[in-house]
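Geometric and topological summary
The lines below spell out each chain.
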Amino acid sequence: MKPSTVLYKDASVPVEIRIDDLLSRMTTHEKVMQLNQYTLGNNNNENNVGEVAGELPAELGSVIYYNDNPDLRNAYQRRCMEESRLGIPCIFGYDMIHGFRTIYPISLGQACSWNVPLVERMTSYAAAEGRMSGIDWTFSPMIDVARDPRWGRVSEGYGEDPYANAAFCAATVRGYQGKSLADSTTIAACLKHYVAYGASEAGRDYVYTEVSPQTLWDTYLPPYKAGVDAGALTLMSSFNDISGIPGSANYYTLTEILKNRWKHKGFVVSDWGSIEQLVNQGNAADKKEAGLRAFNSGLEMDMMSHAYDKYLEELIDEGKVDSVLLDESVRRVLRVKMLLGLFEKPYTGNHPDRFMRPDALSAARQLAAESMVLLKNDSTGILPLDGVGRIAVIGPVAKSSASLQGSWNGRGVYDETVTLYQGILDRFAPEAEIRFAKGSDLDKTTEVELAQAVDTACWADVVILCLGEERRWSGENASRSTIALPEAQLQLAEKIAATGKPVVMLLSSGRPLDLSQMEPLANAIIEVWQPGTAGGAAAADILSGDVNPSGKLAMTFPRSTGQIPIYYNRRGSARRHQGFYQDIPSTPLYPFGHGLSYTTFAYGEPSVSSSTFRKGEKVTVTVPVTNTGSRAGAEAVLWFISDPAASITRPLMELKHFEKRELKPGETTTFKFVIDPMKHLSFPDADGNIILEPGDFKIIVGPHTVNIVME
Ligand code: BGC
């Protein structure tokens, strides 16, 4: 039969009919092979040992493609297309988390920008670099709400708030997937890690999570719902045991919620080895039983457990797996491949100029600058730097490009990264004289290094002290028992502060830090996160005032590790005036939403369209915000609601809306929140039913609270 006469290869035929046709031709073995993912190319994740390319079967559903070489992709794809009986294309997945070759700030930093359109644009540039390199599918966004900064993976998500995670999730899905997935510049998104992986006990990775059904619905599911609604084609099941039923064998989350209620049409891939790990978790006696549990729960693709390729056919023969479910699962995988246009365009073209394009680089710089948070700028007014003659750049992070790239740095190239030192040099020299001293390594120092740093500081008018974390101190399998920086860096900061010179601290980290001891040692502190390729240039933009800082924290900075978990949207205590720590204040050092500017903003009295309303009516609250300083600046206005008396208790405050806008000096602009009661004032019960109760609500914006009543 000529290819043109084969129904499933005919792009003019509706997708579901093409899939019917293809399924009718497939053997059970061919179907099962579509549900497996192996690896191709070299891997840089120490836990994930890849397989040898070339030995892969031609019938495989997917590979994790550890490369950026379209030729390698095309060679294996040719095998699938030409050497498998039915010529089904493979889908190539990759961990493109915050960029591919152009590296953007880590997701936690991105969230602090509160700039949703910019994040959407950035992900579209990342998608283009990836797709033109042979990637069809990224394992991103990670939307695990996280409230324990000891957990290294807080760097990969959008912070502690469900609504912020949901908003950035939807933006990244739109950015990655674009208008059509068949374009040569868009890729399929994957929401991960479904679900509640961020609830890791004591911040340790891969461990058991204790998640009540109420918390599942309140905190962990909303970002996933937003991603599914935005059209995300795939999800990744999580490693964690969710109160006794692991995420990779959880019928309630994988089938009941995702497929039955949310009507998701794509597929779920396991996390790496998470099916076979059901044995370690005590949910299966062996790999075969693990495969059975995972598959029957609604997990379609096996990433590197070799449970499905090995046992699924046997389980079907034994009648333990239903062939209808097999067909349904394969249909989901084929559907994604068809939507990506892989049957029509299986190969990647040659795009030599795909990396680091000007629009991508400028977005990287803008997003890096907007993600940086000015935590402190004391009355000495050291920032922005103005007319400074001698600048000492000191610290172990100053010349480290690795620290700036973060743990998932895709195919990022260190030499293409602007270090903090380079950024400062480019911006301030030759008007200012700039000297460097390392002062310490990240976790050790010597008397000689310290003395050199002190000498350099004494020479200078201002010290830019670049401290922080190594790139692998956060990310996967990178928990820390304390979130304070190592003693060596504290020692360095103390010596520098003792010189009496003005100190600006630049902190590069993948998590909130305990800065209680560091904070008094600096006049100004900027959290630059792991800002990516343009990090140093963006930091210089902020130091110089070329860009007015506008970042606000999407995750609380505790005073000490002992306060963890500490997050803004907690529920009320039985005795609000008691129950505090005896040894330290119970408040955080820098709360959620904290972030300074070089200008000042005043929030005027809010107005409400109607302070009493009925269930079906919308209410509009507006607030005038004035830039009362002398510099232009952007303000992110965060709107919270509070439901002080509910049949199921609610957090004291819940973010429900935000918007960021530029204001000229002296300009007043009105920000608006249109409240749709069903959307903004309701809450889920422990099974996800939506409850909307009449009564009093408070709308909180800046320093103001507005009372409204639903009759
Ligand atoms: C991580 C995932 C990642 C996968 C593939 C796992 O170890 O948890 O986030 O997508 O590896 O590299």
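Reading the values: the criteria
Residues numbered from 1 in each chain as written. Predicted model: local features only at pLDDT ≥ 70, side-chain atom pairs only at ≥ 80, totals over all residues. Heavy atoms only, no water. Helix = DSSP H or I, 4+ residues; strand = E, 2+ residues; numbered from the N terminus. Buried < 20%, exposed > 50% of the residue type's maximum accessible area, 1.4 Å probe, protein only. Pairing = 2+ DSSP bridges. Right-handed = clockwise from strand over helix to strand, strands pointing away. Near = heavy atom within 4 Å. Polar contact = N/O pair within 3.5 Å; in protein donor to acceptor, adjacent residues only side chain to side chain. Areas by Shrake-Rupley, 256 points an atom, 1.4 Å probe, with all protein chains shown as cover. Nonpolar A, V, L, I, M, F, W, Y, C, P; charged D, E, K, R; others polar. Axes fitted to C-alpha atoms, helices over the stretch in contact; angles between N-to-C directions. Contact = heavy atoms within 4.5 Å. Arc of directions from axis to C-beta.

**Things to note about unusual backbone geometry**
The peptide bond linking Ser140 to Pro141 adopts the cis configuration, its omega dihedral lying at 10°. Within the secondary structure, Pro141 is located in the loop between strand E4 (137-138) and helix H6 (162-177). A cis amide bond, omega -5°, links Leu383 with the succeeding residue Pro384. Here Pro384 shows up in the loop between strand E11 (373-377) and strand E12 (390-394). One non-glycine residue, Lys263, adopts positive backbone phi at about 60°. Mapped onto the fold, Lys263 is located in the loop between helix H9 (251-261) and strand E9 (267-269). On the basis of relative accessible area, Lys263 is assigned to the exposed category, the value being 52%. Positive phi is not limited to glycine here, since Asn477 has a value of about 55°. Considering the arrangement of structural elements, one finds Asn477 in the loop between strand E14 (462-468) and helix H17 (487-498). For Asn477, a relative accessible area of 37% translates into the label partly exposed.

**Some details on the pairing of E14**
By the criterion of burial, E14 is predominantly enclosed, with seven of the seven residues buried. Because side chains alternate across E14, one face comprises the buried residues Val462, Ile464, Cys466 and Gly468, and the other comprises Val463, Leu465 and Leu467, equally buried. Bridging between E12 and E14 involves four bridges; their strand directions are parallel. Looking at the pairing, Ala392 lines up with Val463 of E14. Where E14 and strand E15 (residues 503-508) come together, six bridges link them in parallel fashion. Its bridge partner being in E15, Leu467 is matched across the sheet by Leu507. Regarding topology, H17 serves as the crossover connection from E14 to the parallel E15, and that connection is right-handed.

**Some remarks on the site of the ligand**
As a structural note, the neighbourhood of the ligand is formed by 13 residues, with Asp95, Arg153, His193, Asp271 and Glu476 the closest of them. One of the side-chain N or O atoms of Asp95 is found 2.5 Å from an oxygen atom in the ligand. In the environment of the ligand, an oxygen atom lies 2.7 Å from a nitrogen or oxygen atom belonging to the side chain of Arg153. For the ligand, the accessible surface in isolation is 310 Å², of which the surrounding protein chains cover 99%. Residue classes in the shell around the ligand are distributed as six nonpolar, two polar and five charged.

**Observations regarding the sheet that holds strand E19 (residues 612-613)**
Spatially, the five strands line up as an open sheet ordered E19-E27-E26-E21-E22, and their pairing is mixed. Two strands close off the open sheet at either side, each with one partner strand: E19 and strand E22 (654-663).

**Quick notes on the sheet that holds E9**
The sheet built from three strands is open, its strands ordered E5-E6-E9 with parallel pairing. Here the strands that pair on one side only, and so sit at the sheet edges, are strand E5 (190-194) and E9. Each neighbouring strand pair of the sheet contributes to a mean axis angle of 30°, computed without reference to strand direction. For strand E6 (residues 234-237) and E9, the ladder comprises three bridges, and the chain directions are parallel. Looking at the pairing, Thr234 lines up with Phe267 of E9. Along the sheet, helix H8 (residues 222-229) makes contact with E5 and E6, crossing E5 at roughly 160°. Strands E5, E6 and E9 of the sheet are contacted by H9, whose axis makes an angle of about 140° with E5.

**Structural notes on helix H15 (residues 420-428)**
Restricting attention to buried positions, one finds in H15 the residues Leu420, Tyr421, Gly423, Ile424 and Phe428. All buried residues of H15 fall inside an arc of 165° around its axis, so they share one side. Summarising the contacts, the buried residues of H15 are in contact with E12, helix H14 (401-405), strand E13 (433-437), E14, E15 and helix H18 (535-544).

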